Structure formats: C-alpha cells, structure tokens
Amino acid sequence: MLDYRRFKEINDLFAKGQPEKARHLLMELQSRCIALRDELDMLKIRIQAFEDILYFTKNLYKENGFYWLKTAGVKQGPFCPQCYAHERALIPLEKSRHDLRCPYCNTAHTHSSPPCAGSNHQERQAKIIPFAG
Ligand SMILES: [Zn+2]
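These numbers come from a predicted model, not from an experiment. (Residues numbered from 1 in each chain as written. Predicted model: local features only at pLDDT ≥ 70, side-chain atom pairs only at ≥ 80, totals over all residues. Heavy atoms only, no water.)

Examining the confidence of the model for the protein
Summing up the model confidence of the protein, the mean pLDDT is 85 and the portion of residues at 70 or higher is 83%. Looking at the elements of the protein, mean pLDDT is at its lowest for strand 6 (residues 108–110), recorded as 87, and at its highest for helix 2 (residues 19–59), recorded as 95. (pLDDT = per-residue confidence, 0-100. Helix = DSSP H or I, 4+ residues; strand = E, 2+ residues; numbered from the N terminus.)

Take a look at the structure:
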C-alpha cells in the first residue's frame, strides 16, 4: 500500500527548506507508485482470466459428445471434444459430406449429433414406407 502520510512529509520538508530530502522521498514514492501500477495491471489480467473461466463454466456444456457454447442466448458449436480435452481450445467443427471434422487436429466425427447450431437447415428424417399389403 501507498502511505499517503509521506506526501505530507514531503510538503513539510519543502516548507522547512530541505528540498534534497524532499526530492529523495518523492523519488521513493514514485518508484512505489510504479510498482503498485505493475501489480494492479497483473491483478487486472488475473481477474479477466477468472472471469473468462467463470463465463465458460456457466455457458459451456457437453451434449451428444460435443461441446457447445451459449453466448447471448445463441448456441454455438459443436466444438471439437479432443481439442477441448487436451488443450482447452474451442475449435469449431466443420461439416463435410459424411462427417464433422476438426480443422485443427483433423479428427473426424460421425454425424451422431445434431447439425451445427445456427443453421436452419433441417436434416432429412428417414421415412419408413410400409409395404403395400
Ligand atoms: Zn480438434
């Protein structure tokens, strides 16, 4: 912490005609201020990291073996489960003709899950046509 009484000490030293002592004390305070500023910046970064973790804890979930992220009420994903498990990275899977593929680790996933979120595309449902009796 910064001891604010030191500012009064500096003022008193100037008033007593001791500018060198005052200047020395001022330099000490300056270096303490710089150290506190660095500590504050580091703490802000740590708070942001904790806020990010909290956000993911609240909004990231697993469904049908894939990770999904809810942002502003919109479901995003699916994200690669391998990349998330190994590197905590959210890599959106790309849809190809026969599977979902991760562009980062190149793992192919079968279409056992719903299609990508945000798509209004309706998957064709298999229709069972009974034999004519
Ligand atoms: Zn991956």
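Quick word on the packing of aromatic side chains
What the rule picks out here adds up to three aromatic pairs. Taken together, a centroid distance of 6.2 Å and an interplanar angle of 25° make the contact between Y4 and F7 stacked. Accessibility expressed as a relative area gives 57% for Y4, which makes it exposed. F7 gets classed as partly exposed once you look at its relative accessible area, which sits at 38%. Ring geometry for Y67 and Y84: centres 4.4 Å apart, planes at 50°, overall tilted. Of this pair, Y67 sits in strand 2 (residues 66–71) while Y84 sits in helix 3 (residues 81–87), placing them 17 residues apart in sequence. The class for Y67 is buried, based on a relative accessible area of 15%. Its end group placed over the ring of W68, K75 keeps NZ or CZ at 4.3 Å from the ring centre. (Phe/Tyr/Trp six-rings, centres within 6.5 Å; stacked < 30°, edge-to-face > 60°. Buried < 20%, exposed > 50% of the residue type's maximum accessible area, 1.4 Å probe, protein only. Lys NZ or Arg CZ within 6 Å of the ring centre and 35° of its normal.)

Considerations on the coordination of the zinc ion
At this site the zinc ion is bound by C80 (SG), C83 (SG), C102 (SG) and C105 (SG), with donor distances of 2.2 to 2.3 Å. Around the zinc ion sit four donor atoms, and with donor-metal-donor angles ranging over 105 to 115° the site reads as tetrahedral. The motif formed by the donor residues of the zinc ion, counted along the single chain, is C-x2-C-x18-C-x2-C. Judged by its relative accessible area of 0%, C80 falls in the buried class. (Donors = N, O, S within 2.8 Å, 3.2 Å for Na, K, Ca; no water. Tetrahedral: all angles 85-135°; square planar, octahedral: opposite > 155°, others 65-115°.)

As for the sheet that holds strand 6
What the three strands build is an open sheet, ordered 4-5-6; its pairing is antiparallel. Looking at strand neighbours, the two that pair on one side only are strand 4 (94–95) and strand 6, the edges of this open sheet. Of the strand pairs in this sheet, strand 5 (residues 99–101) and strand 6 are connected by three bridges, and their pairing is antiparallel. Bridged to R101 within strand 6 is A108. (Pairing = 2+ DSSP bridges.)

Side note on the environment of C105
Its place among the elements puts C105 in the loop between strand 5 and strand 6. Here C105 falls in the partly exposed class, since its relative accessible area comes to 32%. Distance from C105 to C83, taken between C-alpha atoms, is 7.0 Å for residues 22 residues apart in sequence. Discounting residues that sit within four places of it in the chain, C105 has contacts with C80, Q82 and C83. (Contact = heavy atoms within 4.5 Å.)

Overview of the pattern of salt bridges
Counted according to the given criterion, the structure contains eight salt bridges. With its nearest N and O atoms 3.7 Å apart, the salt bridge here joins R37 to D41. Placement of both R37 and D41 in helix 2 is noted, with a separation of four residues, approximately one turn of the helix. The class for R37 is exposed, based on a relative accessible area of 53%. D41 sits in the partly exposed class, given a relative accessible area of 31%. Residues joined in a network through salt bridges with shared partners are R6, E9 and E28. (Salt bridge = Lys/Arg side-chain N within 4 Å of Asp/Glu carboxyl O.)

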